[in-house]
Amino acid sequence: MNAPVTHWRGRRVWLFGASSGIGAALARRLLAEGARVAISARSTTRLRAVVDVAPQAMVLPCDATDAAAMAAAATTIVGAWGGIDTAIYLAGDYVPMRGWEIDLAVVERTLAVNVGGAYAFAAAVVPHLIAQGCGDIALVASVAGYRGLPKALAYGPSKAALVNFAESLALDLQPRGVGVRLINPGFVATQLTAKNDFAMPALLTPEAAADEIIAGYRGKAFEIHFPKRFTRFMKLLALLPARIYLPLVRRFAGG
Ligand SMILES: NC(=O)c1ccc[n+]([C@@H]2O[C@H](COP(=O)([O-])OP(=O)(O)OC[C@H]3O[C@@H](n4cnc5c(N)ncnc54)[C@H](OP(=O)(O)O)[C@@H]3O)[C@@H](O)[C@H]2O)c1
């Protein structure tokens, strides 16, 4: 399905949403593996801190809701390095929300960053990948995209959209020589999940998540999900009919 990536030395990588958390850890790991890594997010200061003074790094500050700036960033990378081999969209916003406290401004922002930004990223990157006839793109969604979950009223649907979007992209792009991956992490300890007020099962460090992603790229699979002890359970739950799924999740997650 996808061409395996076993060596990162010299590989031209663009990580969007890499000023902190999983993206920052992945940037550091890939730089250590010898990749050329361009990183984007809003905070220039935090982006610079991630790559320090690594000579093979590029810092391209950009807001996920600015499609024109994203297209310009893609052009800058291609201009500097001659192409893009791996592009990963990690930018994400999460505000816990229940069904009785829908905040439309938060919903709009979540969808704009998590979904709109992913479309803008694909629109910026895919023409270059198609022109090259190789390379790959990945979207970081979440196991929260499999089925409805409590407190994920805005976040969950945004990640479900990414799951569907990535599948559609794979159908179109893989036959044209472009790899497409969907990355679905379980819980990772970052500023994003620091907002959770519940015990997160099988919680990983961002570094462990980065290692899982790199391990996933060694294979050909469309979906990279981790940690398996948690994501396999979530996949099993997702197969259940709603009449069983809903009471079960209510029991696990509490009211
Ligand atoms: N942590 C988990 O348990 C978990 C589980 C499943 C999936 N995920 C997904 O993994 C991805 C990374 O999350 P994380 O946990 O590493 O959280 P994080 O540390 O908060 O990272 C989120 C990244 O997105 C960037 N970002 C947010 N809004 C942006 C915007 N408008 N424009 C550009 N960049 C923006 C942030 O940088 P700036 O603020 O500098 O812009 C940051 O670099 C997200 O898509 C998240 O949904 C996380």
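Refer to the structure printed above.
Remember, it's a predicted structure, so these values are computed and weren't measured experimentally.

Visitor: How would you summarise the overall build of the protein if you had to cite specific residues and measurements?
Guide: Summing up its helical and strand segments, the protein has eight helices and seven strands in all. Here the C-alpha atoms of the protein give a radius of gyration of 18 Å, agreeing with the 18 Å that 2.2 N^0.38 yields for 255 residues. For the C-alpha atoms alone, the extent of the protein along its principal axes is close to 55 × 35 × 30 Å. Looking at the protein as shown, the accessible area adds up to about 11600 Å², and 58% of this sits on carbon and sulfur atoms. Side-chain charges of the protein comprise 26 positive and 17 negative groups, with the mean position of each set lying 6 Å from the other.

Visitor: Can you tell me about the nonpolar core, naming the residues and giving the values?
Guide: Trp14, Phe16, Met70, Tyr89, Phe121 and Ile137 are the most contacted members of the largest nonpolar core, which has 39 residues in total. Within the residue set of this core, elements represented by two or more residues are β1 (12–16), α3 (67–81), β4 (86–89), α4 (104–132), β5 (136–140), α5 (155–173) and β6 (179–185). When residues in this core are grouped by element, the largest group, nine residues, is from α4. Contacts of Met70, omitting those with residues within four sequence positions, involve Trp14, Phe16, Cys62, Asp63, Ala64, Tyr89, Gly117, Ala120, Phe121 and Ala124. Judged by nonpolar contacts, the second largest core, of 33 residues, contains Ile22, Val140, Tyr217 and Ile224.

Visitor: Which residues make up the pattern of salt bridges, and what are the values?
Guide: Should the charged atoms of two oppositely charged side chains come close, the side chains can pair. In the structure shown here, the tally under the stated rule is seven salt bridges. Here Asp211 makes a salt bridge to Arg29, at a shortest N to O gap of 2.6 Å. One end of the pair, Asp211, is in helix α6 (residues 206–217); the other, Arg29, is in helix α1 (residues 21–32), and 182 residues separate them in sequence. Taking relative accessible area as the criterion, Asp211 reaches 35% and is therefore assigned partly exposed. The partner of Arg181 in a salt bridge is Asp136, and the shortest N-O contact between them spans 3.8 Å. Linking Arg181 in strand β6 with Asp136 in strand β5, this pair joins segments that are 45 residues apart in sequence. A single burial state applies to Arg181 and to Asp136, both of which are buried. Residues participating in the shared-partner salt-bridge network are Arg11, Asp136 and Arg181.

Visitor: Any details on α1? Residues and values, ideally.
Guide: In a regular helix each residue adds 1.5 Å, so 12 residues correspond to 16 Å; α1 covers 17 Å between its end C-alpha atoms and thus fits that length. Along α1, the residues that are buried comprise Ile22, Gly23, Ala24, Ala25, Leu26, Ala27, Leu30 and Leu31. Gly34 sits one or two positions beyond α1 and adopts a positive phi of about 95°.

Visitor: Could you give an account of the layout of surface pockets, with specific residues and numbers?
Guide: Roughly 200 Å³ of volume is contained in the second largest pocket. Lining the second largest pocket are Arg98, Gly148, Leu149, Pro150, Ala152, Gly156, Pro157, Tyr245, Leu246, Val249, Arg250 and Gly254. Listed by contribution, the elements that provide at least two residues to the lining of the second largest pocket are α5 and α8 (242–253). Counting residues per element, the lining of the second largest pocket draws most heavily on α8, which supplies four residues. Along the lines of polarity and charge, the residues of the lining of the second largest pocket split into seven nonpolar, three polar and two charged.

Visitor: Requested: an account of unusual backbone geometry, with residues and values cited.
Guide: Leaving glycine aside, a negative phi is the common case for residues, and trans is the common case for peptide bonds. Of note, the bond from Phe226 into Pro227 is cis; its omega dihedral lies within 30 degrees of zero at -10°. Relative to the helices and strands, Pro227 resides in the loop between β7 (223–226) and α7 (228–238). With phi around 55°, Asp52 is a residue other than glycine that occupies positive phi space. By the secondary structure assignment, Asp52 is in the loop between α2 (44–51) and β3 (57–59). Judged by its relative accessible area of 60%, Asp52 falls in the exposed class. Phi at Ala202 is positive, roughly 55°, even though this residue is not glycine. In this fold, Ala202 is placed in the loop between β6 and α6.

Thresholds, definitions, all that
Residues numbered from 1 in each chain as written. Predicted model: local features only at pLDDT ≥ 70, side-chain atom pairs only at ≥ 80, totals over all residues. Heavy atoms only, no water. Helix = DSSP H or I, 4+ residues; strand = E, 2+ residues; numbered from the N terminus. Rg over C-alpha atoms; globule rule 2.2 N^0.38 Å. Areas by Shrake-Rupley, 256 points an atom, 1.4 Å probe, with all protein chains shown as cover. Lys, Arg positive; Asp, Glu negative; His and termini not counted. Charge placed at Lys NZ, Arg CZ, Asp CG, Glu CD. Core = buried A, V, L, I, M, F, W, Y, C linked by side-chain atoms within 4.5 Å. Buried < 20%, exposed > 50% of the residue type's maximum accessible area, 1.4 Å probe, protein only. Contact = heavy atoms within 4.5 Å. Salt bridge = Lys/Arg side-chain N within 4 Å of Asp/Glu carboxyl O. Expected span 1.5 Å × (residues − 1). 1 Å grid on protein atoms, 1.4 Å probe; cavity = no way out; pocket = protein on both sides within 12 Å on 5 of 7 lines; lining within 4 Å. Points joined across faces, edges and corners; volume = space filled by probe spheres on them. Nonpolar A, V, L, I, M, F, W, Y, C, P; charged D, E, K, R; others polar.

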